[in-house]
Amino acid sequence: MSSLINGKRRAKFRQVKEPCSLLIPSLDPTPRLKAAMKEALKNSPLSREEIVDEMNRLAAEEGITTNGRSQKITVTILDKWVAPAAKQHVIPLKYLPLFCKVTESLAPFQALIAPLAAQIISFDEAKLLEWAKLEIERRRLNKRVRQLAQEVGIK
């Protein structure tokens, strides 16, 4: 199929209605989440057994149960949560904060929000960001003060 453009025949390009997967990350967080959790496990000084024990302790402290029962997280379950091939086994959302706290990693949360072009930052980073914004505003106001001082003849 072609059309006339500036008096010349040009071939029409078929519009692609599907987004290019290289540019837009998939909204399915499962592969990213599993990879981030695996990385968090690798970077943690704790063994998988210690991580599971601490997650179970925190879950009991918080009153969080598995599927309404008092089952505990096991190393086998944790291994399934991070196994890329075990697509049907994904960490329940209620356990994700426990996992992140125990491994001291925000990467799994970051993996969840990656396609939304958002980023999770720590409280210290938030304070630094707030300071930077205030510093930029202070400099902008100082510049305006100097401009006004010049305009009224004050040096």
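In case you missed it, the structure is sitting above this.
Residues numbered from 1 in each chain as written. Predicted model: local features only at pLDDT ≥ 70, side-chain atom pairs only at ≥ 80, totals over all residues. Heavy atoms only, no water.

Draft legend 1. Just the packing of helix H2 (residues 48-62) against helix H4 (residues 96-103), in detail. Running from N to C, H2 and H4 point in directions that differ by 130°, and their axes come no closer than 9 Å. Taken together, H2 and H4 sit at an angle that is classed as oblique. H4 is crossed by H2, and the crossing has right-handed handedness. Contacts between H2 and H4 involve Ile51, Glu54, Met55, Leu58 and Ala59 from the former and Leu98, Phe99, Lys101, Val102 and Thr103 from the latter. By residue class, the composition of the contact of H2 with H4 is seven nonpolar, one polar and two charged. (Axes fitted to C-alpha atoms, helices over the stretch in contact; angles between N-to-C directions. Helix = DSSP H or I, 4+ residues; strand = E, 2+ residues; numbered from the N terminus. Parallel < 35°, antiparallel > 145°, perpendicular 65-115°, else oblique. Left-handed = near helix turned anticlockwise from the far one by under 90°. Contact = heavy atoms within 4.5 Å. Nonpolar A, V, L, I, M, F, W, Y, C, P; charged D, E, K, R; others polar.)

Draft legend 2. Unusual backbone geometry, seen in detail. A positive phi angle, close to 55°, is found at Glu104, a residue other than glycine. One non-glycine residue, Ala117, adopts positive backbone phi at about 55°.

Draft legend 3. Here's a closer look at the nonpolar core. Grouped together as the largest cluster of nonpolar side chains are 20 residues, with contacts concentrated most on Met37, Met55, Leu78, Trp81, Ile91, Tyr95 and Phe99. Elements with a contribution of two residues or more to this core: helix H1 (30-43), H2, helix H3 (75-82) and H4. Not counting the four nearest positions on each side in its chain, Trp81 is found in contact with Lys34, Met37, Met55, Ile73, His89, Val90, Ile91, Pro92 and Tyr95. (Core = buried A, V, L, I, M, F, W, Y, C linked by side-chain atoms within 4.5 Å. Buried < 20%, exposed > 50% of the residue type's maximum accessible area, 1.4 Å probe, protein only.)

Draft legend 4. Up close: the pattern of salt bridges. The final tally for this structure, using the stated rule, is six salt bridges. For Arg48, the salt bridge identified is with Asp79, shortest N-O distance 2.4 Å. Of this pair, Arg48 sits in helix H2 while Asp79 sits in helix H3; the two residues are 31 residues apart in sequence, bridging distant segments of the chain. Looking at Arg48, the relative accessible area reads 29%, which means it is partly exposed. For Arg139, the salt bridge is made with Glu135, and the minimal N-O distance between the two is 2.9 Å. Note that Arg139 and Glu135 are positioned in helix H6 (residues 123-151) at a spacing of four residues, about one turn of the helix. Sharing partners across several salt bridges, the network here consists of Glu54, Arg57 and Glu61. (Salt bridge = Lys/Arg side-chain N within 4 Å of Asp/Glu carboxyl O.)

Draft legend 5. Spatial organisation of H4. Where burial is concerned, most of H4 is hidden: six out of the eight residues are buried. Among the residues of H4, Leu96, Leu98, Phe99, Cys100, Val102 and Thr103 are the ones counted as buried. Against the buried residues of H4 lie H1, H2, H3 and helix H5 (107-113). A positive phi of about 55° marks Glu104, the residue just after H4.

Any functional reading would require information beyond the geometric quantities listed.
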